[in-house]
Amino acid sequence: MSKMSVRDKLAILSDAAKYDASCASSGSSKRDSRDGKGLGSNTGAGICHAYAPDGRCISLLKILMTNFCIYDCAYCINRVSSNVPRARFTPDEVVKLTVEFYRRNYIEGLFLSSGIIRSPDATMSDMVQIARKLREEENFRGYIHLKTIPDAAPELIAEAGRLADRLSINVELPTDASVRQHAPEKKPEQIRKAMADVRLRGEAAKDRSHTGKRPPRFAPAGQSTQVIVGADGSSDAVILGQSTRLYGSYGLRRVYYSAFSPIPDASARLPLVSPPLVREHRLYQADWLLRFYGFGLEEITSAAPDGNLDLEIDPKLAWALAHRGLFPLDVNRASREELLRVPGFGVRTVNRILSTRRHRALRYEDLQRMGALLKKARPFITAVGWTPGALADTADLRSRFAPPPEQLSLF
Amino acid sequence: MQVVSLPSIGTAAAWREAARGYLSAGEPPEDLRWHCGAPGEAGLFDTAAAPPAPARSVAVPRSFVNLAESVSWHSDPARFDRLYAFLWRLKDAPQLMSDRGDAQLAHLRRMEKSVHRCQHKMKAFVRFRETGSPEAARRSFAAWFEPEHRTVEPTAPFFARRFGDMDWRILTPDVCAVFEGGVLRFEPGAPKPGLPEDASEALWLTYFRNIFNPARLKVKAMQSEMPKKYWRNMPEAAAIPELIATAPARARAMAEAAPTLPPARTARVQAAAEQAAAEHWAGPQDGLAAALAGCTRCPLHCAATQAVPGEGPQDAALMLVGEQPGDREDLTGRPFVGPAGQLLDAVAAEAGVAREAVYLTNAVKHFKFRPQGRRRLHQRPDAGEVQRCRWWLDAEVKLVQPRLIVAMGATAALALTGSGGSLMARRGTVESGRQGVPVLLTLHPAHILRTPDPAAQARLRGLLRSDLAAARARAGLALPAAQAGQAGQVA
């Protein structure tokens, strides 16, 4: 076999990595290279350096070390039974690509994942070696996200956490049963144990010893995970239930939802329909309501009788329409918790309302300037110069928001 | 009408200085006309003069200073007039800054937001090409960029912090930033230069093409974040039209392609992997612990991290049984390591019971909880779960054969004696266990932690201590040497 060029390998190994949704480069420790002795900086906020026509941001060089894999996960392009072309980067090739891309301001850093080759320990140790070269030989101070292999040895995980900003382990599917069915080599309990281990190490790295000495850092940007939506029959309620458990149990920064998308050379065992992008979007909205708006899981799923979120309207609007008795709210009196439940009001809008109404009563026009989406909020609020009147009680309120019914296409 | 000229490099600081002068001189906004760069056409009654030096200190809210700093870089020629007009009002009404509904302020905030966005996009979309030798000790790069606002000056320090070990220049029509040998300076604007070809650009395009998923085309989402006006200076944008045009056909082809047969190597690779897995360490291998780790006897295993087995000498004379693992126990896989465990360690030590001498376990081996925000709230296991998990507890009792078991809390009492009667009424007594080993009943240390009143807490702690001391005596455990002399006080 002729030797592959770096360009050919890059084509194969970036194509193989695109099904990982995570691209965040935010939330890590602040550092820079103003001293002239290294390359890179991190401000704590992420930067999206480009956008692909699929609407996803490109912040990190997201590649696989290799797409050879001994596992046979049905949903994955790299499973052992797939006929996609295979390639493998050497550690130096990955290091060089990362540094050269970074110097040209294409990326914030590296997101390195890998198929499982030989054994979990061998794979993890190669990935750690790449991170070590970047940090110690190239003095690279940009962002590194390492995908963690769940059953790798503890000292490799410790080393990965010392070098990387973020670690992640994908739970892949919403239930243990689905994982067993579609990813026979993966063990859900082992994945949970690995996430527990990352949380404990992260907490230990924050504790100063009694002498005030800091222990070595461990993944300052925390850990995240990804779950594939639409590959099995799980409802949104099941998916969100899993997310709340994961957030509570392992202190995850993010759960990413990835709509199952057709892949080249797909397995016959899975449906090849176009990816449920709207469903993915609704799940993210619900996830935000759970984390930043004080909603409980039951509140969101109670507005979705069959366990799936309404695809036509967002989950907050769906909840508000199901609880019309609580509205309209007076924006000059309502509490923070109440305001957060108004459709069309975000956390920032609510903060602005609270800070301004200390000085004066708010008028309808003020809300517009504060960034509220009044088309949505209008029926649910009162302000000086505005009452929704009969609007709040119209029976067809939902149809004002939902898209008009569409005739089914014959083709 | 007085005309105030501001320099095009260092504009923000110059405006601030001039505005302070005019404000302290009481100059109203109607009498001033601000402009930046080369002087424009002078009006009939215009006079140019240096701004007065501030006579007295002028205090404005910090938030306005930050706002003005950003707005100064906006491309709107009227930006300084707007800033000064608002500053004039602010002087008598400092609370104006927190009025998010004020129309003038809202306009300035919108300008500020536009500048911030422009700065952010500049950090993201500037593309360097290498202009020197890749072998040089300090490599050199250059970029041509056309920002919407005059954001080079405020954004250049970001690039200096990021690319500290190389020389670079960012050229724009208005002003250029040059970073050489670790020193940042600004020069007047330049026309578009011809930058040398850069081999990394082809690799970057390869990456851009291949990270795109044709099955999820969302052109609008891309354009709202990466507007077309930036495309002409981004090498990867050249690939976009073709990627969009071919995406539907590529997605269709993936869906229509018949599933292929697995390659011949599949079976070989999997057989080898299986063998490797058998050689690989995969958790506790023998007996009870291994079996427990795979327990699916009740649904609790789906949410918990792991089953937490008992811990201690296999021939311990005394066994302590709690309710179930908590948050810390679930994460670490060891019993009694959380707050209740630490309290138990302390009270047991006071009672002369060393943790290392006893076998510690729980009636239920998986953590039962309800997630709330970032926390997990403990939930009491129900009778069915206790009953199914007794399988493991009984096996542990059989294995250790203790002389006495201490049941801490109602759940442990139920599991060990089969009776769920009121615990506080039975506390301190010894009942016969289901397997013939006597069971001493006491309260769970977590119960002490949940009692708010300090006096009641101390009383409950005393009860647990005396029960444990009684258990120690009954199980025939020796006192640790340090406590042997004062045994009378403990019991």
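Residues numbered from 1 in each chain as written. Chains lettered and ligands numbered in written order. Predicted model: local features only at pLDDT ≥ 70, side-chain atom pairs only at ≥ 80, totals over all residues.

Topic: the overall build of chain B
And step 1. The helix and strand tally for chain B stands at 20 helices and 15 strands.
And step 2. The C-alpha radius of gyration computed for chain B amounts to 38 Å, which surpasses the reference 23 Å derived for 491 residues by more than 25%, pointing to a less compact arrangement than a globule.
And step 3. With the principal axes as the frame, chain B shows a C-alpha extent of 110 × 75 × 45 Å.
And step 4. Across the 491 residues of chain B, 36% fall into the buried class. (Helix = DSSP H or I, 4+ residues; strand = E, 2+ residues; numbered from the N terminus. Rg over C-alpha atoms; globule rule 2.2 N^0.38 Å. Buried ≥ 20, exposed ≤ 12 C-beta atoms within 10 Å, placed from the backbone.)

Some words on the domain arrangement of chain A
And step 1. Per the domain assignment, the segments of chain A are domain 1 (6-275) and domain 2 (315-401).
And step 2. Using C-alpha coordinates to define each centre, domain 1 of chain A is positioned 40 Å away from domain 2 of chain A. (Domains from an automatic or database assignment.)

Brief notes about the pairing of strand 11 (residues 369-372) of chain B
Residue and element names in this part refer to chain B.
And step 1. On strand 11, burial follows the alternation: Phe369 and Pro371 on one face are buried, whereas Arg370 and Gln372 on the facing-out side are not.
And step 2. Where strand 11 meets strand 12 (residues 375-378), four bridges bridge the pair, whose relative direction is antiparallel. If you follow Phe369 over to strand 12, its bridge partner there is His378.
And step 3. The hairpin formed by strand 11 and strand 12 contains two residues between the paired strands, and Gly373 there has a positive phi angle of roughly 60 degrees. (Pairing = 2+ DSSP bridges.)

Thoughts on the pairing of strand 6 (residues 167-171) of chain B
All names here are of chain B.
And step 1. Counting buried residues in strand 6 gives four out of five residues, a clear majority hidden from the surface.
And step 2. Chirality of the crossover, the property in question, places the unit of strand 5 (residues 140-144), helix 5 (residues 152-162) and strand 6 among those that are right-handed.
And step 3. In this sheet, strand 7 (residues 175-180) lies alongside strand 6 in antiparallel orientation, the contact comprising three bridges. Note on strand 7: the bridge partner recorded for Trp168 is Phe179.
And step 4. Count of turn residues in the strand 6/strand 7 antiparallel hairpin: three residues. (Right-handed = clockwise from strand over helix to strand, strands pointing away.)

Observations regarding the interface of chain B and chain A
And step 1. Listed as interface residues are 70 residues of chain B and, on the opposing side, 76 residues of chain A.
And step 2. Here the residues of the side of chain B that touches chain A sort into 39 nonpolar, 17 polar and 14 charged. (Contact = placed C-beta atoms within 7 Å. Nonpolar A, V, L, I, M, F, W, Y, C, P; charged D, E, K, R; others polar.)

Describing the packing of helix 7 (residues 236-250) of chain A against helix 8 (residues 277-292) of chain A
Between two packed helices, the angle of one axis relative to the other and the distance separating the axes together describe the packing.
All names here are of chain A.
And step 1. Where helix 7 meets helix 8, the axes come as close as 11 Å, and the angle between the chain directions of the two elements is 40 degrees. Classed by the angle they form, the pair helix 7 and helix 8 counts as oblique. The two elements helix 7 and helix 8 cross, and the hand of that crossing is right-handed. The segment helix 7 lies against helix 8, with Asp236, Ile239, Leu240, Ser243 and Thr244 engaging Leu283, Ala286, Asp287 and Leu290.
And step 2. Each residue belonging to the contact of helix 7 with helix 8 can be placed in one class, and the counts come to five nonpolar, two polar and two charged. (Axes fitted to C-alpha atoms, helices over the stretch in contact; angles between N-to-C directions. Parallel < 35°, antiparallel > 145°, perpendicular 65-115°, else oblique. Left-handed = near helix turned anticlockwise from the far one by under 90°.)

Some words on the UniProt feature "domain: Uracil-DNA glycosylase-like" (unreviewed entry) in chain B
And step 1. Mapped onto the present numbering, the UniProt feature "domain: Uracil-DNA glycosylase-like" (unreviewed entry) falls on residues 309-472 of chain B.
And step 2. In this annotation, residues 309-472 of chain B is assigned 45% helix and 18% strand; the end-to-end C-alpha distance for the span is 23 Å. (UniProt positions renumbered as here; feature names shortened; annotations may be inferred.)

So, the nonpolar core
The nonpolar side chains of a soluble globular protein tend to be buried, and buried together.
And step 1. Counting 168 residues, the largest nonpolar core has Leu13, Leu61, Leu112, Ala131 and Val331 of chain A together with Ile170 of chain B as its most contacted members.
And step 2. Per element, the largest residue contribution to this core is eight residues, and it comes from helix 4 (residues 103-125) of chain B.
And step 3. Beyond its immediate chain neighbours, meaning those up to four positions away, Val331 of chain A contacts Leu339, Ile353, Leu362, Leu367, Ile381 and Ala383 of chain A. (Core = buried A, V, L, I, M, F, W, Y, C linked by C-beta atoms within 7 Å.)

Here's the deal with the sheet that holds strand 5 (residues 143-147) of chain A
Residues and elements named next belong to chain A.
And step 1. Pairing is parallel across the open sheet formed by six strands, whose spatial order is 3-4-5-6-7-8. Single-partner strands in this sheet number two, and they are strand 3 (60-64) and strand 8 (254-259). Going from strand to strand, the sheet's axes swing by 20 degrees on average, the running direction of each strand aside.
And step 2. Of the strand pairs in this sheet, strand 4 (residues 109-113) and strand 5 are connected by four bridges, and their pairing is parallel. Bridge pairing in strand 5 links Phe111 to His145.
And step 3. Its contacts with the sheet place helix 3 (residues 120-137) against strand 4 and strand 5, and it is angled at close to 170 degrees to strand 5.

Some details on the sheet that holds strand 7 of chain B
Residues and elements named next belong to chain B.
And step 1. Spatially, 4-5-6-7-8 is the arrangement adopted by the five strands of the open sheet, whose pairing is mixed. Each end of this open sheet is capped by a strand with a single partner; those strands are strand 4 (129-130) and strand 8 (183-188).
And step 2. Two strands pair when backbone bridges link them, and strand 5 and strand 6 are joined in this way by five bridges, in the parallel orientation. Directly across from Ser140, in strand 6, lies its bridge partner Asp167.
And step 3. Each of strand 6, strand 7 and strand 8 is contacted by helix 5, which is oriented at about 20 degrees to strand 7, the strand it contacts most.

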